[in-house]
Protein chains: 2
Amino acid sequence: MKIVIDAMGGDNAPREIIKGAIGALQQRGGFSIVFTGDEGIITKELSLYSYDKSRVEVKHACEVITNNEAPATAVRAKRDSSLVVGLKTLKEDEEAGAFISAGSTGAVLAGGIMYLGRIPGVKRPALCPAIPNVRGGMTLLCDAGANADCKPEYLAQFAVMATAYGKAAYGMDNPKVGLLNNGTEDHKGDIMHQEAFALLKETKGINFVGNVEGRDIMFGDSDIVVADGFSGNVALKSAEGCGKTVGAILKQEFSKAKMRYLIARKQIEKVKTILDYNRSGGAIFLGLKKTVVKAHGSSKAETITATVLQAVDAVEGGTAERIAQMLPDPVEE
Amino acid sequence: MKIVIDAMGGDNAPREIIKGAIGALQQRGGFSIVFTGDEGIITKELSLYSYDKSRVEVKHACEVITNNEAPATAVRAKRDSSLVVGLKTLKEDEEAGAFISAGSTGAVLAGGIMYLGRIPGVKRPALCPAIPNVRGGMTLLCDAGANADCKPEYLAQFAVMATAYGKAAYGMDNPKVGLLNNGTEDHKGDIMHQEAFALLKETKGINFVGNVEGRDIMFGDSDIVVADGFSGNVALKSAEGCGKTVGAILKQEFSKAKMRYLIARKQIEKVKTILDYNRSGGAIFLGLKKTVVKAHGSSKAETITATVLQAVDAVEGGTAERIAQMLPDPVEE
């Protein structure tokens, strides 16, 4: 199985992307990598490492899509970009299982839908990052920002898709699904969330446990938190802010107590590690015909390694196939 | 000036409420307190403290509204509850400046609108807590949950009301106002937030700086974050979750390293204090004719003391009067 990687997307591309991907190859067997991007640059970077050459391919692409471009226009116009070449490779190469990019989120979303297409019956593909929780596990948040305007039926599908993904990639057994709302009582929320609550209660194949609040994502009482893409994004960015805030406060407080920091260093750094959700991988884009993962733009090698292994898990667990099975036959709709 | 306090509302009422209020009296002059609730119980609790008796009144109320009751029904039916008696006292007593309750949020909101009434021109009163930020200041979040369904014109008013409050109670000079959105770029958001963005740009009397994300609330780059009540609540609960999560992780990590904890204790506890936004006071309910503050249900004496002083600041700064001045004449609308 091949994992296709956009070598040119992200703040630290191509160096950290390539380093991280090679790291994943060294950690696990059973897959190979196809880098897309400037062949000369990629080859030069690859020469820094020793690795099994039979497990690495390079596919030349002379353009790069930046964060400053309008996503839909860029993926249409830049057909020879590392991102579009990567998505096309994923679509056309039967052995390719997943595509990873740390580039423009909007371009990954627009390009994924345009070049790969949705699983029949999927109304709206959704972003689903995994956020480390206090219990030592992961909470899947879906949708974390692909769909700002949502309808109740989209949220019901997000629950189904995230359940399929949780089972496929994280070995979750009958994962608990909560609805992100402004209170835990059944009647809470605006009209859309009240309707989504009613629909989720009736949705087959999921284990809906009711409304949850922003704080519950990091506590991990439910395995999956379903959200409209707007408030899901607010919650995701807040979780990110938590880690950065704690990091800043710790730095501030211990700057005048360096000896104390050195003594308690192991524990303090562990706190920061747990709160840094980006270390655990990227956000999968659920609902497409094959696996697409968006890594954070600031990803370093360690995160890319985790993202590659996460993509391998998602493909081997049959995420897309499980979603297709769980959704009602589109013809019947 | 009198601060009216619901002595019976909250998880730790009446003990911690009364203890905290007395603490505020001892810290600052220039105001007195009216407790509402069961006179026998309140008098007994008061006997535990020594204080200036001329600064404390008790107004008997034989009922209590609980969190399990439907708010609007409860405030209508329980006219002799500590909450309704408190709100009526605030309305009728010319010397009364503010009312504080740690009881049911829904009942405080419903009762506030029903018994005090809105400032003419206010479309929707809004909850506005202050969240400590990394810069050592406070970020005001408005609306944090009073209005799940919002229209763009509500958000423009939230910005005006929070600006008036920031100037009145926190001494903010031309406070920066950000719009909570799913990205910082100008075009971000669902349709409602795109329209709110356009309206905020044209709103007079505020210093609108553009879109902000969930993480920005705790960073404090803007002084005020305007939000629809749904995603504002998600952000508030996420900030609360951050503090609790960090507390849980610290406990977990240092449980096996007690000596290290003792050495770094001062710094670690400071981190927890900064993240515990409830310590700094309650959430003001902006847009009513007089000041109403909702303290967190779990408030202990220390928080109640802070909330009383916060209410005094809000009244002395003329929050309601400033809001009335800043809003366009309702007749002209």
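For the structure, see preceding data.
Bear in mind that the values here come from a model prediction, so they are computed numbers and not experimental data.

Student: An account of the environment of Thr139(B) is requested, with residue identities and associated values reported.
Tutor: Residue and element names in this part refer to chain B. Topologically, threonine 139 is positioned in strand β7 (residues 138-142). Residue classification places threonine 139 among the buried residues on the basis of a relative accessible area of 0%. With near-sequence residues (within four places) excluded, threonine 139 lies in contact with Pro129, Ala130, Ile131, Asn133, Ile217, Gly220, Ser222, Asp223 and Val225. For threonine 139, the side chain forms a polar contact with the side chain of asparagine 133, separated by 3.1 Å.

Student: Please give an account of the relation of the copies chain B and chain A that cites residues and values.
Tutor: Expressed as a screw operation, the relation of chain B to chain A combines 0.0 Å of axial shift with a rotation of 180 degrees, fitting to an RMSD of 0.0 Å. Taken together, these values place the two copies in the relation of a two-fold axis. Of all interface residues in chain B, 100% are interface residues in chain A too; the two copies therefore contact each other through one and the same surface.

Student: Give me the lowdown on the pattern of salt bridges, citing residues and values where you can.
Tutor: Residues and elements named next belong to chain A. In the structure shown here, the tally under the stated rule is 20 salt bridges over all chains. Among the ionic pairs, glutamate 45 bridges to arginine 15, the shortest N-O distance being 3.0 Å. In this pair, glutamate 45 sits in helix α2 (residues 39-46) while arginine 15 sits in helix α1 (residues 15-27), placing the two residues 30 residues apart along the sequence. Judged by relative accessible area, glutamate 45 falls into the buried class, the value being 11%. Given a relative accessible area of 44%, arginine 15 falls into the partly exposed group. The residue arginine 28 makes a salt bridge to aspartate 313 at a minimum N-O spacing of 3.0 Å. Taken together, the residues arginine 28 in the loop between α1 and β2 (32-37) and aspartate 313 in helix α11 (residues 301-316) connect sequence positions 285 residues apart. Residue arginine 28 is classed as partly exposed on the basis of its relative accessible area of 31%.

Student: So what about the packing of helix α10 (residues 258-275) of chain A against helix α9 (residues 229-254) of chain B? Which residues, and what values?
Tutor: Two elements in contact, α10(A) and α9(B), have axes separated by 10 Å at closest approach and are oriented at 140 degrees. Put simply, α10(A) runs oblique to α9(B). With respect to the hand of their crossing, α10(A) and α9(B) are arranged in right-handed fashion. Contacts between α10(A) and α9(B) involve Ala264(A), Gln267(A), Ile268(A), Lys270(A), Val271(A), Ile274(A) and Leu275(A) from the first element and Thr245(B), Val246(B), Ile249(B), Leu250(B), Glu253(B) and Phe254(B) from the second. Looking at side-chain class alone, the contact of α10(A) with α9(B) contains nine nonpolar, two polar and two charged residues.

Rules of the game
Starting afresh in each chain, residues are numbered from 1 along the sequence in its written order. Lettering of chains starts at A and numbering of ligands starts at 1, both following the order in which they are written. Two thresholds apply to this predicted model, a pLDDT of at least 70 for residue-level local features and 80 or more for giving and counting side-chain atom pairs, whereas whole-chain, interface and lining totals are computed over all residues. The side-chain values count all of the structure's non-hydrogen atoms but skip hydrogen atoms and water molecules. Counting from the N terminus, the helices are the DSSP runs of H or I reaching at least four residues and the strands are the DSSP runs of E reaching at least two. Burial classes: relative accessible area under 20% of the type maximum marks a residue as buried, over 50% as exposed, and values in between as partly exposed (1.4 Å probe, protein chains only). Contacts: residue pairs with any heavy atoms within 4.5 Å of one another. Contacts described as polar in this section are N or O atom pairs within 3.5 Å, which, within protein, must combine one atom able to donate a hydrogen with one able to accept it, while residues neighboring in sequence count only if both atoms come from side chains. Least-squares superposition aligns the copies on the C-alpha atoms of those residues with pLDDT at or above 70 in both. Criterion for a salt bridge: a side-chain nitrogen of Lys or Arg within 4 Å of a carboxyl oxygen of Asp or Glu. Whenever a helix is involved, its axis is fitted only over the stretch in contact; in every case the axis is a line through C-alpha atoms, and angles between N-to-C directions fall within 0 to 180 degrees. Should an angle fall under 35 degrees it is called roughly parallel, over 145 degrees roughly antiparallel, and 65 to 115 degrees roughly perpendicular, with every other angle called oblique. The handedness criterion is simple: a crossing whose near helix is rotated anticlockwise from the far helix by less than a right angle is left-handed, and one whose near helix is rotated clockwise is right-handed. Classification used: nonpolar for Ala, Val, Leu, Ile, Met, Phe, Trp, Tyr, Cys and Pro, charged for Asp, Glu, Lys and Arg, polar for all others including Gly.

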